[in-house]
Amino acid sequence: MAANLTFYTVDDLRLGQRRSNGPGWQLSEFGKQSEAFHHYRSLDAGKVKVLGVSNGVQALDLVRCVPIFPEDKTGEDVLVMDYVHLPVWCKNAVVAQLAQVCIETFRIRYGLHQFALFPLRQKNEKRAAQKKFKLINVEGSDSPIRWIYVASVGWLSPAEFKKRYFPPRNGGFSYPLIMKYRVDAVNKDGRILLLEIAPRDYERMASEV
């Protein structure tokens with residue numbers, strides 16, 4: 001896809017980084033996207049495998065296979081969202097395009113960011129509805145979030161969410177799936193409301209503050 005990018009896979013992050021000839025994960029490098037995709041698919045979905053790219057100096061994970069729920073025996077491919085937030089990668093149009101290719105190729109449903117999963121897709125009409133509102137921080141807090149809805153768990157306060165899930169447990173590769181937030185917002189008339197929004201809407205609205 002780009003001459004200055006190479007691809008890599010990791011067979012299982014749970015094994016830890018390999019030291020000399022000792023035990024640890026196996027890193028494989030590829031010059032072609034097709035070869036990397038094929039090799040990634042050949043790896044066991046019961047392991048925390050990775051597909052990523054490198055610019056020769058820094059590596060960037062793009063896809064990771066993780067269990068969506070703690071009881072799952074095999075994982076599902078999720079998009080690692082670091083490329084959106086890291087200065088080195090966020091303005092790289094090739095990487096953004098590659099991320100979209102990964103979504104389509106591996107039929108990815110969820111994104112991973114800051115040790116939490118969230119749905120990548122949502123209805124367009126929901127996004128349009130949020131344009132009328134602006135997020136405001138909860139009184140006494142530096143965040144607009146009052147409640148977080150975690151799949152198979154329910155509504156949690158931000159404090160309880162952090163207590164339960166940070167730092168990551170179960171070897172560090174089991175993440176909560178956030179379905180929606182309840183946030184403080186103000187409408188165009190200045191009325192303060194408790195708004196229920198999807199994680200992708202929250203990210204968009206927070207970036208506009």
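Residues numbered from 1 in each chain as written. Predicted model: local features only at pLDDT ≥ 70, side-chain atom pairs only at ≥ 80, totals over all residues. Heavy atoms only, no water.

1. With respect to the layout of surface pockets
Taken as a whole, the largest pocket spans an internal volume of roughly 510 Å³. Contributing elements (two or more residues each) for the lining of the largest pocket: β7 (116-119), β9 (145-150), α5 (158-165), β11 (178-186) and α6 (199-207). Taken together, the residues of the lining of the largest pocket sort by class into 12 nonpolar, 4 polar and 3 charged. (1 Å grid on protein atoms, 1.4 Å probe; cavity = no way out; pocket = protein on both sides within 12 Å on 5 of 7 lines; lining within 4 Å. Points joined across faces, edges and corners; volume = space filled by probe spheres on them. Helix = DSSP H or I, 4+ residues; strand = E, 2+ residues; numbered from the N terminus. Nonpolar A, V, L, I, M, F, W, Y, C, P; charged D, E, K, R; others polar.)

2. With respect to the packing of aromatic side chains
One pass over the full model with this rule turns up 8 aromatic pairs. Residues Tyr40 and Phe106 carry aromatic rings whose centres are separated by 5.4 Å and whose planes lie at 75° to one another, so their mutual orientation is edge-to-face. One end of the pair, Tyr40, is in helix α1 (residues 33-42); the other, Phe106, is in the loop between α3 (93-105) and β6 (110-113), with 66 residues separating them in the sequence. For the pair Tyr40 and Phe106, one class covers both residues: buried. Arranged with centres 5.0 Å apart and planes meeting at 50°, the rings of Tyr181 and Tyr202 form a pair that is tilted. On the criterion of sequence distance, the pair formed by Tyr181 in strand β11 and Tyr202 in helix α6 is long-range, its members being 21 residues apart. (Phe/Tyr/Trp six-rings, centres within 6.5 Å; stacked < 30°, edge-to-face > 60°. Buried < 20%, exposed > 50% of the residue type's maximum accessible area, 1.4 Å probe, protein only.)

3. Observations concerning the pattern of salt bridges
Applying the stated criterion across every chain yields a total of 8 salt bridges. Residue Arg146 pairs with Asp184 through a salt bridge whose shortest N-O separation is 2.7 Å. Taken as a pair, Arg146 in strand β9 and Asp184 in strand β11 lie far apart in primary sequence, 38 residues in all. Taking the relative accessible area as the measure of exposure, Asp184 reaches 7% and is therefore buried. One salt bridge in this structure joins Arg182 and Glu196, with 3.1 Å as the shortest N-O distance. Here Arg182, found in strand β11, pairs with Glu196, found in strand β12 (residues 192-197); they are 14 residues apart in sequence, far enough to count as distant. For Arg182, a relative accessible area of 28% translates into the label partly exposed. Through salt bridges that share partners, Lys180, Arg182 and Glu196 make up one connected network. (Salt bridge = Lys/Arg side-chain N within 4 Å of Asp/Glu carboxyl O.)

4. So, the nonpolar core
If you look at the biggest cluster of nonpolar residues, it comprises 25 residues, and the most contacted ones within it are Leu62, Leu79, Tyr83 and Cys102. Secondary structure elements with two or more residues in this core: α1, β3 (50-54), β4 (59-66) and α3. Apart from residues lying up to four places away in sequence, Cys102 is in contact with Phe37, Leu51, Leu62, Val63, Leu79, Arg107 and Ile108. The next biggest cluster of nonpolar side chains, apart from the first, holds 17 residues, and it includes Leu135, Val183, Leu195 and Met205. (Core = buried A, V, L, I, M, F, W, Y, C linked by side-chain atoms within 4.5 Å. Contact = heavy atoms within 4.5 Å.)

So yeah, pure geometry; function would need other evidence.
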